Structure formats: structure tokens, C-alpha cells
Amino acid sequence: MPSARDHWSEDAACRSSDPDELFVGGPHQKRAKAVCTGCQVRVECLAEALDNGIEFGVWGGMTERERRALLRRKPNVTSWRQVLDDARRESERPRAG
């Protein structure tokens, strides 16, 4: 969970990276996505990109192509932040078993 800082980006794994490394194409995107692995604010980052229609770069571990495909599959979502927060809570719930 992110800390109580002013903005989620202050806790981002990429905060000290060269921003140009996240705005790459082709095979370099795999390396850019790896920066997001394990990032504590990955959900917030992805929601920011989806909710604001950010077209370029890797955000929350997704490329622009992946985000466009997701937006096409779910055109009626009005708050990706809510959808992603709900999914995170669901995945963290203990399973009956």
C-alpha cells in the first residue's frame, strides 16, 4: 500500500529512473514493464493512465497497446481506479478452502 505522501508517484519504483526509459517501443518495452514489477503503486499508476487517456509510455506495467485493448474491451468503465482497487481487494481476500 502506498504511503501517506502527497501523490502516488512519490512512491513509484520508477521515480529515480530516466523517464525516457518508460517511453520506448518494441522489445525495449519489456524492460520498461519490468520496472513496474513489484511496484507498490502500480495500480494507482495504471489507473492514472487509463482514467486520463494517457496514450504513450509504460504505465502500471502496461504498454499503450495493452491499455488501448483493455479500454476497447471495457468501454463503459468510468473509473479505472475503482475497478482496479476492487480487483486488488478481491485478490487479497483469503480464499475459503
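Here the structure is a predicted model, which is why all the values come from computation and not from measurement.

**Remarks on a positive patch on the surface**
Okay, so step 1: There is a patch of like positive charges on the surface, built from Arg 65, Arg 68, Arg 72, Arg 73 and Lys 74.
Okay, so step 2: Assignment of secondary structure puts Lys 74 in the loop between helix H3 (64-73) and helix H4 (80-92).
Okay, so step 3: A relative accessible area of 45% places Lys 74 in the partly exposed class.

**Side note on the packing of helix H2 (residues 42-51) against H4**
Okay, so step 1: Relative to each other, H2 and H4 sit at 150 degrees, their axes nearing to 8 Å. Regarding the angle of H2 to H4, the classification is roughly antiparallel. Two packed elements cross with a definite hand, and for H2 against H4 that hand is right-handed. When H2 is examined against H4, the residues Val 43, Glu 44, Leu 46, Ala 47, Leu 50 and Asp 51 are found in contact with a partner set consisting of Trp 80, Arg 81, Leu 84, Asp 85 and Arg 88.
Okay, so step 2: For the contact of H2 with H4, a count of residues per class yields 6 nonpolar, no polar and 5 charged.

**A look at H3**
Okay, so step 1: Among the residues of H3, those classed as buried are Glu 64, Arg 67 and Leu 70. Looking straight down H3, one finds its buried side chains confined to an arc of 125 degrees; they lie on one side. Of the exposed residues in H3, those oriented more than 90 degrees away from the buried face are Arg 65, Arg 72 and Arg 73.
Okay, so step 2: Summarising the contacts, the buried residues of H3 are in contact with helix H1 (28-36), H2 and H4.

**A word on the nonpolar core**
Okay, so step 1: Listed in full, the 8 residues of the largest apolar core are Val 43, Leu 46, Ala 47, Leu 50, Met 62, Leu 70, Trp 80 and Leu 84.
Okay, so step 2: Going through the elements one at a time, H2 and H4 are the ones with two or more residues in this core.
Okay, so step 3: Tallying contributions element by element places H2 first for this core, with 4 residues.
Okay, so step 4: In this view, Val 43 contacts Leu 84, Asp 85 and Arg 88; residues no more than four positions away in its chain are not counted.
Okay, so step 5: Listed in part, the 7 residues of the second largest apolar core include Trp 8, Ala 12, Val 41 and Cys 45.

**A few points about the side chain of Glu 64**
Okay, so step 1: Among the secondary structure elements, Glu 64 is positioned in helix H3.
Okay, so step 2: No salt bridge is formed by the buried Glu 64; the nearest opposite charge belongs to Arg 67, separated by 4.7 Å.
Okay, so step 3: Residue contacts for Glu 64: discarding those within four places in its chain leaves Gln 29, Glu 55, Phe 56 and Gly 57.

Calculation rules
- Residues numbered from 1 in each chain as written.
- Predicted model: local features only at pLDDT ≥ 70, side-chain atom pairs only at ≥ 80, totals over all residues.
- Heavy atoms only, no water.
- Patch = residues over 30% accessible without salt bridge, like charges linked within 9 Å, V, L, I, M, F, W, Y side chains within 5 Å.
- Areas by Shrake-Rupley, 256 points an atom, 1.4 Å probe, with all protein chains shown as cover.
- Salt bridge = Lys/Arg side-chain N within 4 Å of Asp/Glu carboxyl O.
- Lys, Arg positive; Asp, Glu negative; His and termini not counted.
- Charge placed at Lys NZ, Arg CZ, Asp CG, Glu CD.
- Helix = DSSP H or I, 4+ residues; strand = E, 2+ residues; numbered from the N terminus.
- Buried < 20%, exposed > 50% of the residue type's maximum accessible area, 1.4 Å probe, protein only.
- Axes fitted to C-alpha atoms, helices over the stretch in contact; angles between N-to-C directions.
- Parallel < 35°, antiparallel > 145°, perpendicular 65-115°, else oblique.
- Left-handed = near helix turned anticlockwise from the far one by under 90°.
- Contact = heavy atoms within 4.5 Å.
- Nonpolar A, V, L, I, M, F, W, Y, C, P; charged D, E, K, R; others polar.
- Arc of directions from axis to C-beta.
- Core = buried A, V, L, I, M, F, W, Y, C linked by side-chain atoms within 4.5 Å.

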